[in-house]
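# Breakdown of the fold
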Amino acid sequence: MAVSCAAIPASLLESELFGYEEGAFSGAKKGGKRGLFELAHKGTIFLDEINSMPIELQSVLLRTIQEKEIRRVGAQKNIYVDIRIISACNKNMEELIADGKFRADLYYRLNTLKLTMPDLETRKEDIPPLCGYFLKRYSAKYSVPIPALSPEDSEILLKRSWPGNVRELENTMHRYVILSSLQHCSVNDCLDGTPPEQAASSGASQPPLEGTLAQMGWPLSGSAWRKITAAVKNG
């Protein structure tokens, strides 16, 4: 069971995690609702971006971990839960604790086994296999040949700092698959959002952009296609 603490509004997060009783608040379902902790009983719940959890809800989570009990919003009794909690954060937790934005006792209660994912810049040896995986994945998605990476392309990829980490690398390879299917381009054309009309020069062997996008499952017509055509002409 996975939940992003940043994706759910703070006012709804408690009822999503712990559930609620009928009539607990305006709009509550008849019969109430089981929360994610109840649904994860005898299993695992993954709390992503736990650093986004409101400070007042952190105390509720701390008690849940300590007592292995939850209480639905508006309920009068506790419910026993046996779950494993995995959490992830995208900010420095020590700094959040120092700023009073995250409870130190909750952090140390959660921090039984700490795994740190290094930035892509510090593990450049992972870039070639990741590129191969993404190229294969998106080539299969669009039913196009897997584009090759030249030695120059590989050098560019290894020298880049990748501030967006794996997500940025994935999007770059995604873009490279699309542009390479139009006509030859380099990875450098895909790093800074270079428009397709600049990345792929016109030529007799170049398939029409409209037809290529349609083959990829992106058929465009009418006003949408006219807007793209106008953008290409205007540069």
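Residues numbered from 1 in each chain as written. Predicted model: local features only at pLDDT ≥ 70, side-chain atom pairs only at ≥ 80, totals over all residues. Heavy atoms only, no water.

## Section: the nonpolar core
Counting residues in hydrophobic clusters, the biggest one holds 25 residues, and the most contacted among them are L17, F37, L47, M53, L61 and F102. Sorting the residues of this core by element identifies α1 (10-18), α2 (36-39), β4 (44-48), α3 (55-67), α4 (93-98) and α5 (104-110) as the ones contributing at least two each. Broken down by element, this core gets its largest block of residues, four residues, from α3. When residues no more than four places from it in sequence are discounted, the contact partners of F37 are L17, F18, I45, L47, L61, T64, I70, V81, I83 and I85. (Core = buried A, V, L, I, M, F, W, Y, C linked by side-chain atoms within 4.5 Å. Buried < 20%, exposed > 50% of the residue type's maximum accessible area, 1.4 Å probe, protein only. Helix = DSSP H or I, 4+ residues; strand = E, 2+ residues; numbered from the N terminus. Contact = heavy atoms within 4.5 Å.)

## Quick look at α3
Taking 1.5 Å of rise per residue, 13 residues should cover 18 Å, and α3 covers 19 Å from first to last C-alpha, within 8% of that figure. Buried residues of α3: L57, Q58, L61, L62, T64 and I65, and no others. Down the axis of α3, the smallest arc covering the buried residues is 160°, so these residues share one side. At the C-terminal side of α3, K68 shows a positive phi close to 55°. (Expected span 1.5 Å × (residues − 1). Arc of directions from axis to C-beta.)

## Let's talk about the side chain of N51
With respect to the helices and strands, the residue N51 is situated in the loop between β4 and α3. Within polar-contact distance, the side chain of N51 engages the side chain of N90 at 3.1 Å. (Polar contact = N/O pair within 3.5 Å; in protein donor to acceptor, adjacent residues only side chain to side chain.)

## A few points about the packing of α1 against α3
Direction vectors running N to C along α1 and α3 enclose 15°, while the axes themselves pass 11 Å from each other. Taken together, the axis directions place α1 and α3 in an arrangement best described as roughly parallel. Here α1 runs over α3; the crossing is left-handed. Of the residues in α3, those in contact with L13, E14, L17 and F18 of α1 are L57, V60, L61 and T64. Looking at side-chain class alone, the contact of α1 with α3 contains six nonpolar, one polar and one charged residues. (Axes fitted to C-alpha atoms, helices over the stretch in contact; angles between N-to-C directions. Parallel < 35°, antiparallel > 145°, perpendicular 65-115°, else oblique. Left-handed = near helix turned anticlockwise from the far one by under 90°. Nonpolar A, V, L, I, M, F, W, Y, C, P; charged D, E, K, R; others polar.)

## Describing the sheet that holds strand β7 (residues 84-87)
Strand order in the open sheet made by the three strands is β1-β4-β7, with parallel pairing throughout. Of all strands in the sheet, those with a lone pairing partner are β1 (2-4) and β7, marking the two edges. Each strand of the sheet is rotated relative to its neighbour by a mean of 20°, with strand direction disregarded. Relative to β4, β1 runs parallel, the two sharing three bridges. By the bridge assignment for β4, S4 is matched with D48. (Pairing = 2+ DSSP bridges.)

## Section: the confidence of the model for the protein
Detailed reading of the predicted coordinates is not advisable wherever pLDDT falls low. Mean pLDDT over the protein: 83, with 81% of residues reaching 70 or higher. The model gives residues 193-208 a pLDDT under 50, and that stretch makes 24 contacts with residues more than four places away or in other chains. Low confidence marks residues 220-235, where pLDDT is under 50. Its contacts with residues over four positions away, or in another chain, come to nine contacts. (pLDDT = per-residue confidence, 0-100.)

## A word on the packing of helix α6 (residues 127-142) against helix α8 (residues 165-182)
Angle between the axes and distance between the axes are the two parameters that describe a pair of packed helices. Their axes nearest at 9 Å, the elements α6 and α8 cross at an angle of 45°. Our classification of the angle between α6 and α8 gives oblique. Classified by chirality, the crossing of α8 by α6 is right-handed. Where α6 approaches α8, its residues I127, L130, C131, F134, L135, R137, Y138, S139 and Y142 are matched on the opposing element by V166, L169, E170, M173, H174, Y176, V177 and I178.

## Some remarks on the environment of T122
Tracing the backbone through its elements, the reader meets T122 in the loop between α5 and α6. Assessed through its relative accessible area of 57%, T122 is described here as exposed. C-alpha of T122 to C-alpha of S161: the two residues are 39 residues apart in sequence and 8.8 Å apart in space. A distance of 2.7 Å separates a polar atom in the side chain of T122 from the backbone oxygen of D119.

## With respect to the environment of E22
With respect to the element layout, E22 can be found in the loop between β2 (19-20) and β3 (33-34). Between the C-alpha atoms of E22 and V73, which are 51 residues apart in sequence, the distance is 9.3 Å. When near neighbours in sequence (up to four residues on either side) are disregarded, E22 contacts K29, K30, G31 and G32. A polar contact of 2.9 Å, which involves the side chain of E22, links it to the backbone nitrogen of G31.

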